[in-house]
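# Descriptive structure summary
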Amino acid sequence: MVLDGVIAEIGALRRTPAGVAVLEFQLEHASRQIEAGIERDVRCEVPALVLGDIALQSQALRPGKQVTLTGFLAARSARHKGLVMHVNTIEILEGN
């Protein structure tokens, strides 16, 4: 999955009980899409998280940064079925 947008909120770096670095943030996405032959505006906020070395490297991200994320969707946890994007790569777009 590839998704672009602007970092809306970013949490503090934390660690799992196993010591793995975790950074959670909200991505604000806006685009124009075609649905049933009609162009429409799409806006949404997507919860995202990065783990390990990428989390450590991503501490410098700030709200307002425009990024492209690559990763996958998964349930937040076994008990919480809401979706979260697990990010494998973050590309900071120029001009930010």
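Going by the structure above, here's the rest.
Residues numbered from 1 in each chain as written. Predicted model: local features only at pLDDT ≥ 70, side-chain atom pairs only at ≥ 80, totals over all residues. Heavy atoms only, no water.

Moving on, we come to the overall build of the protein chain. Per the secondary structure count, the protein chain includes one helix and six strands. N-terminal to C-terminal, the α/β element order of the protein chain is β-β-β-β-α-β-β. Dimensions of the protein chain along its principal axes, counting C-alpha atoms only, are 50 × 35 × 20 Å. For the protein chain, with 96 residues in total, the buried portion stands at 27%. Taking all contacts inside the protein chain whose residues are at least 6 apart in sequence as the whole, residues at least 24 apart take part in 51%. For the protein chain, the exposed surface amounts to about 6200 Å²; the carbon and sulfur share of it is 53%. The average position of the 10 basic charges and that of the 11 acidic charges among the side chains of the protein chain differ by 9 Å. (Helix = DSSP H or I, 4+ residues; strand = E, 2+ residues; numbered from the N terminus. Buried < 20%, exposed > 50% of the residue type's maximum accessible area, 1.4 Å probe, protein only. Contact = heavy atoms within 4.5 Å. Areas by Shrake-Rupley, 256 points an atom, 1.4 Å probe, with all protein chains shown as cover. Lys, Arg positive; Asp, Glu negative; His and termini not counted. Charge placed at Lys NZ, Arg CZ, Asp CG, Glu CD.)

Another point: the environment of Val-67. Locating Val-67 in the fold gives a position in strand 5 (residues 66–75). Each C-alpha atom of the pair Val-67 and Ile-92 lies 4.5 Å from the other, and the pair is 25 residues apart in sequence. Residue contacts for Val-67: discarding those within four places in its chain leaves Leu-3, Asp-4, Gly-5, Ile-7, Leu-27, Leu-61, Ile-90, Glu-91, Ile-92 and Leu-93.

A separate point is the pattern of salt bridges. Enumeration according to the criterion identifies five salt bridges in this entry. Measuring nitrogen to oxygen at the nearest pair gives 2.5 Å for the salt bridge that ties Glu-39 to Arg-32. A residue is classified by how much of its surface remains accessible, and Glu-39, at 46% relative accessible area, is partly exposed. The partly exposed category is assigned to Arg-32, whose relative accessible area is 48%. The partner of Arg-32 in a salt bridge is Asp-41, and the shortest N-O contact between them spans 2.3 Å. Members of the salt-bridge network, linked through shared partners, are Arg-14, Glu-24 and Arg-76. (Salt bridge = Lys/Arg side-chain N within 4 Å of Asp/Glu carboxyl O.)

This brings us to the pairing of strand 5. Two strands pair when backbone bridges link them, and strand 1 (residues 2–10) and strand 5 are joined in this way by five bridges, in the antiparallel orientation. Among the inter-strand pairings, Asp-4 is bridged to a residue of strand 5, identified as Thr-68. Judged from the nine bridges that link them, strand 5 and strand 6 (residues 83–92) form a sheet pairing that is antiparallel. Counterpart to Val-67 in the pairing with strand 6 is Ile-92. (Pairing = 2+ DSSP bridges.)

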